[in-house]
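Topology and contacts: notes
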Amino acid sequence: MLVRMLYASRAAAPRFKPEQPNSLGVLKMSDMKDQEKQLVEWLSDMNEDDALALAKRMLLEEGADPLRVLELCRMGMDIVGKRFENGEYFLPELVLAGEMLENIGAIAKPLIVQAPGTESKRLAKVLIGTVHGDLHDIGKNIVSFMLDINGFEVKDIGVDVPVQTFLDEIDA
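Here is what the cut-offs are and how they apply
Residues numbered from 1 in each chain as written. Predicted model: local features only at pLDDT ≥ 70, side-chain atom pairs only at ≥ 80, totals over all residues. Heavy atoms only, no water. Helix = DSSP H or I, 4+ residues; strand = E, 2+ residues; numbered from the N terminus. Contact = heavy atoms within 4.5 Å. Salt bridge = Lys/Arg side-chain N within 4 Å of Asp/Glu carboxyl O. Buried < 20%, exposed > 50% of the residue type's maximum accessible area, 1.4 Å probe, protein only. Pairing = 2+ DSSP bridges. Right-handed = clockwise from strand over helix to strand, strands pointing away. pLDDT = per-residue confidence, 0-100. Patch = residues over 30% accessible without salt bridge, like charges linked within 9 Å, V, L, I, M, F, W, Y side chains within 5 Å. Areas by Shrake-Rupley, 256 points an atom, 1.4 Å probe, with all protein chains shown as cover. Axes fitted to C-alpha atoms, helices over the stretch in contact; angles between N-to-C directions. Parallel < 35°, antiparallel > 145°, perpendicular 65-115°, else oblique. Nonpolar A, V, L, I, M, F, W, Y, C, P; charged D, E, K, R; others polar.

Let's talk about the environment of Val-159
By secondary structure assignment, the location of Val-159 is in the loop between strand E2 (153-156) and helix H7 (163-171). Residues Val-159 and Lys-140, 19 residues apart in the sequence, show an inter-C-alpha distance of 8.9 Å. Apart from the residues lying within four places of it in its own chain, the contact partners of Val-159 are Thr-130, Asp-134, Leu-135, Asp-137 and Lys-140.

Rendered as structure tokens:
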């Protein structure tokens, strides 16, 4: 709620740069439709309501490829990460970005369809959690989400997890 109030009172100019390449080079801005560029812009500029509404419309009404929408989200998150590194964004922006990503992911993930008769190919297994004494899970949730949609089997053991639990889970 605090994050939303900060943005309601903030009158910052958009900082989205349409020519900014993504980190993997998978999807280029020049190859994107206007509404795809708009989604990346709204995500990276913390325009939560519009970004969620657009993603929902793309996925549920227009039948957009959920993997493409998730790639657009990843691009928006890359921009958010760069802004955080440059001191333009701070913890509230990371929290809001993580919330937007989780909300869109919750809509997109069930729509990812496998070819009939094929198994989901997983690249590797990843165990993730935050260590005992750390109750913050923003980064963990974002990393878990990104690993999952990129083909990794992720086992999230939560927050404030004792070291022994990590060791036990690795041996299991």
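A few points about the pattern of salt bridges
What the rule picks out here adds up to eight salt bridges. Between Glu-71 and Arg-74 there is a salt bridge whose closest N-O contact spans 2.6 Å. Of this pair, Glu-71 and Arg-74 both sit in helix H4 (residues 66-85), three residues apart, which is roughly one turn of the helix. On the basis of relative accessible area, Glu-71 is assigned to the buried category, the value being 14%. Note that Asp-148 and Lys-109 form a salt bridge whose closest N and O atoms lie 2.6 Å from each other. Placement of Asp-148 in helix H6 (residues 138-149) and of Lys-109 in the loop between helix H5 (91-108) and strand E1 (125-128) is noted, with a sequence separation of 39 residues between them. Sharing partners across several salt bridges, the network here consists of Glu-71, Arg-74 and Asp-78.

Observations regarding the pairing of E2
Sheet topology places E1 next to E2; four bridges connect them, and they run parallel. Of the residues in E2, the one forming a bridge with Leu-127 is Lys-155. Remark: the E1/H6/E2 crossover connection has right-handed handedness.

Observations concerning the confidence of the model for the chain
Residues at a pLDDT of 70 or more form 80% of the chain, whose mean pLDDT is 81. Note on residues 1-25: pLDDT under 50 across the span, and 39 contacts to partners over four residues away in sequence or across chains.

What about a nonpolar patch on the surface?
Among the surface-exposed residues, Val-163, Leu-167 and Ile-170 lie close enough to one another that they form a single nonpolar patch of about 300 Å² accessible area. For Leu-167, the position within the fold is in helix H7.

Focus on the packing of H4 against H5
Between H4 and H5, whose axes approach to 11 Å, the crossing angle comes to 175 degrees. For the element pair H4 / H5, the angle class is roughly antiparallel. Of H5, the residues touching H4 (which contributes Pro-66, Val-69, Leu-70, Cys-73, Met-77, Val-80 and Phe-84) are Leu-91, Leu-94, Ala-97, Gly-98, Leu-101, Ile-104, Gly-105 and Ala-108. Considering only residue class, the contact of H4 with H5 consists of 13 nonpolar, two polar and no charged.

Digging into unusual backbone geometry
In this model, Met-46 sits at a positive phi of 65 degrees, which is unusual for a non-glycine residue. Relative to the elements of secondary structure, Met-46 occurs in the loop between helix H2 (34-44) and helix H3 (48-61). Looking at Met-46, the relative accessible area reads 4%, which means it is buried. Here the phi dihedral of Asp-160 falls at roughly 60 degrees; this positive angle occurs in a residue that is not glycine. Note on placement: Asp-160 falls in the loop between E2 and H7.

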